[in-house]
Amino acid sequence: MLWKHLAAGAVAGAVSRTFTAPLDRLKVFLQVRGAEFASLSYCFRQLLNDGGWPALWRGNGINVLKIAPETAIKFMAYEHAKRKIRGTSGAELTIQQRFLAGAFAGVVSQTVIYPMEVLKTRLVLGQTGDHRGIMHCAHKILRKLSAQSSGESKPPTLFQTTTNLFSNPNLQTLKALGVSIEAIYQTCWASFLTLELISPFMKL
Amino acid sequence: MNDEGRKLPKNEAQIHILLICGAISSSCGQLLSYPLALVRTRLQAETGSDNRASMIILFRQIYDKEGLRGFYRGIVPNFMKVAPAVSISYVVYERTRRALGAEMC
């Protein structure tokens, strides 16, 4: 039964994100390069000039792909947190306790899928010709990060790239800090509300 | 939530209220957290010279260069997204759930 609700959630997320993708791309462009654009419509025209109508959906693929892991991890973390808070008492959780569990679930799921978040932002911001696809974009990011942390000029192998990434404390803290604070604010309310709305239907 | 009430069709009206409440609460939450979301997106983008910028440095930079307005760039398309996103999600979720044969209660 649970998988049916998760599947319905994933389909709903995919359709709604696909419908609103042009607005999302506009938002990200204005957030990062807002000072360059005098107005919303000017930014919109620039996007159209760069790649035509299909370009408005750039980055939507990865945005849709990350729904499934995001939702599944959030539900598992929420249930885990509720069990831990409840302990052996078996008492009903208070609203504050469920809020705490929701916040925990949001932080966990956002942290796990964070690399996909970064990929999405890079793809959305890409101009025509920047990326050939999700894997190409991922490879470009890994290569650049690895070159930064090792100082090598020669392109490293995938193994070197991965080990270097994990040994680069600078990048780790930066990303972790950014994601934690943002995740707590933005996702705790959202996940709390969605989980609370859906859980009575699923006999959780 | 009242399980008895859920089965009645007149509860459809309550769903609309629930959706409107959801849209309002999510808008308020986003208004407060938008500057954080903006800084996060900039960190993710790592454009040009601010390659190694930290969150704090970026906050200061935006405030010095663009003032408070700088933290709210892109909020208009963000809010234009809320209503269609909430309603499309709800409709597609309900239809898919029914098509898969999953019960409400």
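Residues numbered from 1 in each chain as written. Chains lettered and ligands numbered in written order. Predicted model: local features only at pLDDT ≥ 70, side-chain atom pairs only at ≥ 80, totals over all residues.

1. Regarding the overall build of chain B
Reasoning step 1: Scanning chain B from N- to C-terminus turns up four helices and zero strands.
Reasoning step 2: When the elements of chain B are put in sequence order from the N terminus, they spell out α-α-α-α.
Reasoning step 3: For chain B, the residues scored as buried account for 19% of the 105 residues in total. (Helix = DSSP H or I, 4+ residues; strand = E, 2+ residues; numbered from the N terminus. Buried ≥ 20, exposed ≤ 12 C-beta atoms within 10 Å, placed from the backbone.)

2. Points about the nonpolar core
All names here are of chain A.
Reasoning step 1: Counting residues in each nonpolar core, the largest one holds 15 residues, and the members touching the most others are L26, V28, F29, C43, L119, L123 and L125.
Reasoning step 2: When residues of this core are traced back to their parent elements, those giving at least two are α1 (2-33), α2 (40-51) and α6 (114-125).
Reasoning step 3: The element best represented in this core is α1, accounting for six residues.
Reasoning step 4: Look past the residues within four positions of L119 in its chain and what remains in contact with it is I62, I134, C137 and A138.
Reasoning step 5: Among the nonpolar cores identified, the runner-up in size contains ten residues, and F75, A81, A101 and V108 belong to it. (Core = buried A, V, L, I, M, F, W, Y, C linked by C-beta atoms within 7 Å. Contact = placed C-beta atoms within 7 Å.)

3. Thoughts on α2(A)
In an α-helix, one turn spans 3.6 residues, which is why side chains three or four residues apart end up on the same side.
Reasoning step 1: Counted at 1.5 Å a residue, the expected span for α2(A) with its twelve residues is 16 Å, and the 17 Å between its end C-alpha atoms agrees.
Reasoning step 2: Within two residues after α2(A), G52(A) carries a phi angle of roughly 75°, on the positive side. (Expected span 1.5 Å × (residues − 1).)

4. Structural notes on helix α4 (residues 67-86) of chain A
All names here are of chain A.
Reasoning step 1: The terminal C-alpha atoms of α4, which comprises 20 residues, lie 28 Å apart, in line with the 28 Å expected from a rise of 1.5 Å per residue.
Reasoning step 2: Buried within α4 we find E70, T71, K74, F75, A77, Y78, A81 and K82.
Reasoning step 3: G87 sits one or two positions beyond α4 and adopts a positive phi of about 60°.

5. Thoughts on the environment of D24(A)
Reasoning step 1: Note on placement: D24(A) falls in helix α1.
Reasoning step 2: Separated by 30 residues in sequence, D24(A) and P54(A) place their C-alpha atoms 14 Å apart.

6. Quick word on the environment of S54(B)
All names here are of chain B.
Reasoning step 1: Looking at where S54 falls in the secondary structure, it is placed in the loop between α2 (12-45) and α3 (55-66).
Reasoning step 2: With 16 C-beta atoms counted inside 10 Å, the residue S54 sits in the partly exposed group.
Reasoning step 3: It is 13 Å that separates the C-alpha atoms of S54 and L36, two residues lying 18 residues apart in sequence.

7. Structural notes on the packing of α4(A) against helix α5 (residues 95-112) of chain A
Residue and element names in this part refer to chain A.
Reasoning step 1: In contact at an axis separation of 8 Å, α4 and α5 are set at 140° when each is read in the N-to-C sense. With respect to each other, α4 and α5 are oriented oblique. Crossing handedness for the pair α4 and α5: right-handed. Between α4 and α5, the contacting residues are P69, E70, I73, K74, A77, Y78, A81, K82 and I85 on the first element and Q97, L100, A101, G102, F104, A105, G106, V108, S109 and V112 on the second.
Reasoning step 2: Of the residues in the contact of α4 with α5, the class split is twelve nonpolar, four polar and three charged. (Axes fitted to C-alpha atoms, helices over the stretch in contact; angles between N-to-C directions. Parallel < 35°, antiparallel > 145°, perpendicular 65-115°, else oblique. Left-handed = near helix turned anticlockwise from the far one by under 90°. Nonpolar A, V, L, I, M, F, W, Y, C, P; charged D, E, K, R; others polar.)

8. Quick look at the confidence of the model for chain A
Residues and elements named next belong to chain A.
Reasoning step 1: Confidence in the prediction for chain A averages 79 pLDDT; 72% of positions are at 70 or higher.
Reasoning step 2: Taken element by element, chain A is modelled with least confidence in helix α9 (residues 169-202), mean pLDDT 51, and with most confidence in helix α3 (residues 60-65), mean pLDDT 94.
Reasoning step 3: Below pLDDT 50 for its whole length, residues 176-181 participates in nine contacts with residues either more than four positions away or in separate chains. (pLDDT = per-residue confidence, 0-100.)

9. Side note on the confidence of the model for chain B
Residues and elements named next belong to chain B.
Reasoning step 1: The share of residues in chain B with pLDDT of 70 or more is 79%, and the mean pLDDT across the chain is 79.
Reasoning step 2: Confidence scores differ between elements of chain B, with helix α1 (residues 3-6) showing the lowest mean pLDDT of 46 and helix α4 (residues 75-100) the highest of 90.
Reasoning step 3: Across residues 1-8, where pLDDT falls below 50, the model places seven contacts with residues more than four positions away in sequence or in other chains.

10. Remarks on the packing of α1(A) against α2(A)
All names here are of chain A.
Reasoning step 1: Two elements in contact, α1 and α2, have axes separated by 10 Å at closest approach and are oriented at 110°. Taken as axis vectors, α1 and α2 run roughly perpendicular relative to one another. Mapping the contact onto sequence places R25, L26, F29 and L30 in α1 and L40, C43, F44 and L47 in α2.
Reasoning step 2: When its residues are assigned to classes, the contact of α1 with α2 shows seven nonpolar, no polar and one charged.

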